[in-house]
Amino acid sequence: MKGDDKHLVVNAIENGTVIDHIPSTSLFAVISILQLEKLNSQMTFGVNLESKKLGSKAIIKVAGKYFENSELNKIALVAPQAKLNIIRNYQVVEKRVVEIPEDEISGIIKCPNPVCITNHEKITTKFHVLSRSDMTVRCNYCEKVINRTQIEIL
Amino acid sequence: MVNRSLISITDYSKEEYLRILDLAAEFEKNPNQNLLTNKLIATLFFEPSTRTRLSFETAVQRLGGRIIGFADASSSSVTKGETLKDTIKMVSNYVDMIIMRHPMEGAARYASEITNIPVVNAGDGANQHPSQTLLDLYSIRKTQGRLDGLNILMIGDLKYGRTVHSLLMAMSDFNPTFYFISPSELQMPSGYKMLLDRQGIRYVEDRDFLPFLPKADIIYMTRVQKERFSDPFEYEKVKNVYVLKNALLDSCKDTVKILHPLPRVNEIDPDVDENPKAYYFTQALNGVYVRQAIIASILGLK
């Protein structure tokens, strides 16, 4: 993978998915939400890259893997401006943006309320989306309302 | 409402909880009705609350039902490390309804999701206590003859007070005017004020309740707890400010009623107790009728 001038070269992928415009601070959250650690595909992660839009961005390339929309939309919580490029035969055949799930988010967000039952028993968390613009959600259990700044990913 | 759990006041529509209030009025006239013959009800109190438990158990017994359960977690298998899920699953095999109190918020909602029998939330941490809200509504309607267009003065800890938040939500269906009186540390959270703004409901915030006494139809007192203050000096400054005394009540309307979720500490002077404007003990009695109504309607017996 080393070029002549001793720079690391990241190859374009033949088939797969490129997720661009992830805030650098959200890279590991995205990896965990998409459960990339469980895949055997070739993957490249770039982080702290220059970005005009975000200041600092991360990028993920996953070879030979296409995600369901429902899976990808889960990352909207941490990377609302992410852009997805679907690659087939080295060509970008489709571009997508992520969308915050409509009404309910299951099992991604950790409730920040220390006395919420979900932090004491093995329960899949569930949040109702109240506002998609500022990402306000309400815990199905303790009913606390939290916004983007308080959202913590499981 | 039949077979439906009651976890949060927002689970019921306005029509549904008005129906509960009507039923409660029936039970007030005729409290002993053998509707629960052959019914067994569990009262699971994972944290002690003598007042609420006795009220629910009185309601069940006045309806002729029988009760199993525990009064605090130390006398249950929780001390052996049993999960809430397992306790609920096990008890569900035995009874027709579960009434539960739990220190964790959301515990009752979770319980209602893992069992097929109805669950009544008798308090989950600082979150919800819907039977308290319904008995507050019942007491307001009974003493004022209506719920619409009342001036409600809420005094004390408006930040952490679960009862004032639920009452605010329920009353917001009835075009009230609220007066929120609290120390600045314990103000009504902005989320609730935004909710009122959206619905166009009037409210006033102040630190001093005296100027608002003459306007009030209902005075809802709450306890200001020392542990809520980060600065003990701040507590010392306010602890005697939010105390209702008999001498202050002359400026009030004759029809005003003073409500308090109890237990009271010193925020209502005992010299108020004999004043006909004091209503908190009757309010507690109303809780039995309201809980009879909740149980009978969920079990489809009324």
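Every value quoted in this text rests on a predicted model; they were computed, and no experiment measured them.

Participant: Please explain the packing of helix H5 (residues 130–144) of chain B against helix H9 (residues 280–298) of chain B as it appears in this structure.
Facilitator: Packed helices, taken two at a time, are described by their axes: the angle between them and the distance between them. Residues and elements named next belong to chain B. Contact geometry for H5 and H9: axes closest at 8 Å, N-to-C directions at 115°. At the point where H5 passes H9, the crossing takes the right-handed sense. Listed contacts from H9 to Ser131, Gln132, Leu134, Leu135, Asp136, Tyr138, Ser139 and Lys142 of H5 are Gln283, Asn286, Gly287, Val290, Arg291 and Ile294. Residues belonging to the contact of H5 with H9 are distributed by class as follows: five nonpolar, six polar and three charged.

Participant: Looking at this structure, how should I read the pairing of strand E4 (residues 119–124) of chain B?
Facilitator: Consecutive side chains along a regular strand alternate between the two faces of the sheet. Residues and elements named next belong to chain B. In terms of burial, E4 is largely enclosed, as six of its six residues are buried. Where strand E3 (residues 97–102) meets E4, four bridges bridge the pair, whose relative direction is parallel. For histidine 102, the partnering residue across the bridge sits in E4 and is aspartate 124. In this fold, the crossover linking E3 to E4 by way of helix H4 (residues 107–114) has right-handed handedness.

Participant: Honestly, the sheet that holds strand E8 (residues 218–221) of chain B in this entry has me stumped. Any pointers?
Facilitator: Pairing between the strands of a sheet comes from backbone hydrogen bonds, and it takes one of two forms, parallel or antiparallel. All names here are of chain B. Pairing is parallel in the open sheet, where five strands are placed in the order E7-E6-E5-E8-E9. With partners counted over all chains shown, the strands left at the sheet margins are strand E7 (202–206) and strand E9 (257–259), one partner each. Within the sheet, the average angular offset between the axes of one strand and its neighbour, ignoring direction, is 20°. Bridge analysis of strand E6 (residues 177–181) against E7 gives five bridges, and the strand direction is parallel. Bridging across to E7, tyrosine 179 finds its partner in valine 204. Of the strands in this sheet, strand E5 (151–155), E6 and E8 are in contact with helix H6 (residues 162–171), which crosses E5 at around 165°.

Participant: It is not clear to me how the domain arrangement of chain B should be interpreted in this structure. Could you clarify?
Facilitator: It is common to give the size of an interface as the accessible area lost on bringing the parts into contact. Residue and element names in this part refer to chain B. Domain annotation of chain B identifies domain 1 (9–128 + 287–298) and domain 2 (130–284). Put simply, the middle of domain 1 and the middle of domain 2, counted by C-alpha atoms, are 26 Å apart. Taken together, the contact pairs 26 residues of domain 1 with 22 residues of domain 2. When residues of domain 1 are sorted by the area they lose upon contact with domain 2, Ile9, Tyr17 and Leu21 head the list and together hold 28% of the total. Across the domain 1-domain 2 interface, the total number found is two salt bridges. Of the charged contacts, one joins arginine 141 and aspartate 22 as a salt bridge, the two residues approaching to 2.9 Å between their closest N and O atoms. The set of elements that each furnish at least two residues to the side of domain 1 that touches domain 2 consists of helix H1 (14–29), helix H2 (50–62), E4 and H9. Here the residues of the side of domain 1 that touches domain 2 are counted per class, giving twelve nonpolar, seven polar and seven charged.

Participant: Would you mind showing me how to read the pattern of salt bridges here?
Facilitator: Close approach of charged atoms allows side chains with opposite charge to pair. A full pass over the atoms with the stated rule returns 17 salt bridges over all chains. The salt bridge involving A:Asp20 is made with A:Lys57; its shortest N-O contact spans 3.0 Å. Taken together, the residues span a long stretch of sequence, with A:Asp20 in strand E1 (residues 16–23) and A:Lys57 in strand E3 (residues 55–63) at a distance of 37 residues. Note on A:Asp20: relative accessible area 13%, which makes it buried. A salt bridge links B:Arg109 to A:Glu143; its shortest N-O distance comes to 3.6 Å. Of this pair, B:Arg109 sits in helix H4 while A:Glu143 sits in the loop between strand E9 (136–139) and strand E10 (145–146), each in a different chain. No difference in accessibility class separates B:Arg109 from A:Glu143, as the two residues are buried. Shared partners join several salt bridges into a network, and the residues in it are A:Glu143, B:Asp11 and B:Arg109.

Participant: Teacher, can you tell me more about H5(B) here?
Facilitator: Since the α-helix packs 3.6 residues into each turn, any two residues three or four apart lie on the same face. All names here are of chain B. Taking 1.5 Å of rise per residue, 15 residues should cover 21 Å, and H5 covers 21 Å from first to last C-alpha, within 8% of that figure. With respect to burial, H5 is a largely interior element, 13 of its 15 residues being buried. The positive-phi residue at the C-terminal boundary of H5 is glycine 145, with phi of around 75°.

Participant: In this structure, what is going on with a nonpolar patch on the surface? I would like to understand it.
Facilitator: Residues B:Ile68, B:Met90 and B:Tyr94 make up a contiguous nonpolar surface patch of roughly 260 Å² in combined accessible area. Along the polypeptide, B:Tyr94 turns up in the loop between helix H3 (84–92) and E3.

Participant: Just checking my understanding: could you explain the sheet that holds strand E8 (residues 126–131) of chain A for this structure?
Facilitator: Pairing within the open sheet is antiparallel, and its four strands lie in the order E6-E8-E9-E10 (chain A). Each of the sheet's edge strands pairs with one partner strand only, and the pair in question is strand E6 (104–106) and E10 of chain A.

Participant: Just checking my understanding: could you explain the environment of B:Leu35 for this structure?
Facilitator: Residues and elements named next belong to chain B. Tracing the backbone shows leucine 35 in the loop between H1 and strand E1 (40–45). Overall, the relative accessible area of 23% leaves leucine 35 in the partly exposed class. Along the backbone, leucine 35 and valine 60 are 25 residues apart, and their C-alpha atoms lie at a distance of 9.4 Å. Residues within four places of leucine 35 in sequence aside, it is in contact with Phe27, Leu63, Ala296, Leu301 and Lys302.

Participant: Could you clarify how one ought to interpret the interface of chain A and chain B in this entry?
Facilitator: Opposite the 14 residues of chain A that make contact, chain B presents 14 residues. Counting the contacts that link chain A with chain B gives three salt bridges. Connecting chain A to chain B are nine residue pairs in polar contact (both at pLDDT 80 or more).

Participant: Is there a simple way to explain the environment of B:Arg223 in this structure?
Facilitator: Residue and element names in this part refer to chain B. By the element assignment, arginine 223 lies in the loop between E8 and helix H8 (232–238). For arginine 223, a relative accessible area of 29% translates into the label partly exposed. Placed 64 residues apart in sequence, arginine 223 and lysine 159 show a C-alpha to C-alpha distance of 11 Å. In this structure, arginine 223 is in contact with Asp157, His260, Pro263, Val265 and Glu267, ignoring residues within four places of it in sequence. Of the polar contacts made by the side chain of arginine 223, one reaches the backbone oxygen of proline 263; its length is 3.5 Å.

Basis of the calculations
- Starting afresh in each chain, residues are numbered from 1 along the sequence in its written order.
- All chains are assigned letters beginning at A, and all ligands numbers beginning at 1, according to the order in which they are written.
- At least 70 in pLDDT is required for a residue's local features to be given in this predicted model, at least 80 for side-chain atom pairs to be given and counted, and no such filter applies to totals for whole chains, interfaces and linings, which use all residues.
- Excluding hydrogens and water, the side-chain values take into account all heavy atoms of the structure.
- Axes here mean lines fitted to C-alpha atoms, for a helix over just the part in contact, with angles spanning 0 to 180 degrees between N-to-C directions.
- What counts as a helix is a DSSP run of H or I of at least four residues, what counts as a strand is a run of E of at least two, and both are numbered from the N terminus.
- Two helices cross in a left-handed way if the nearer one is turned anticlockwise from the farther one by less than a right angle. They cross in a right-handed way if the turn is clockwise.
- Residue contacts are defined here by distance: any two heavy atoms, one from each residue, within 4.5 Å place the two residues in contact.
- Put simply, Ala, Val, Leu, Ile, Met, Phe, Trp, Tyr, Cys and Pro go in the nonpolar bin, Asp, Glu, Lys and Arg in the charged bin, and everything else, Gly too, in the polar bin.
- Only protein chains enter the accessibility calculation, which uses a 1.4 Å probe; a residue is then buried when its area is under 20% of its type maximum, exposed when over 50%, and partly exposed in between.
- Whether two strands pair comes down to DSSP finding at least two bridges between them.
- Throughout, right-handed denotes a crossover for which the path from the first strand over the helix to the second runs clockwise when the strands point away from the viewer.
- Just so you know, the domain bounds were taken from an automatic or database domain assignment.
- Buried area: the sum, over both parts, of the accessible surface (1.4 Å probe) that disappears when the two are put together.
- Any carboxyl oxygen of Asp or Glu within 4 Å of a side-chain nitrogen of Lys or Arg constitutes a salt bridge here.
- Helices are assigned an expected span. That span is 1.5 Å times one less than the residue count.
- A patch consists of residues exposed above 30% relative accessible area that lack any salt bridge, with like charges linked at up to 9 Å and nonpolar side chains (Val, Leu, Ile, Met, Phe, Trp, Tyr) linked at up to 5 Å.
- Only the protein chains shown count as cover for residues, with accessible areas throughout obtained via the Shrake-Rupley method and a probe of 1.4 Å.
- In protein, a polar contact means a hydrogen-donor-capable atom and an acceptor-capable atom, both N or O and within 3.5 Å, with residues adjacent in sequence counting only if both atoms are side-chain atoms; elsewhere, any N or O pair within 3.5 Å suffices.

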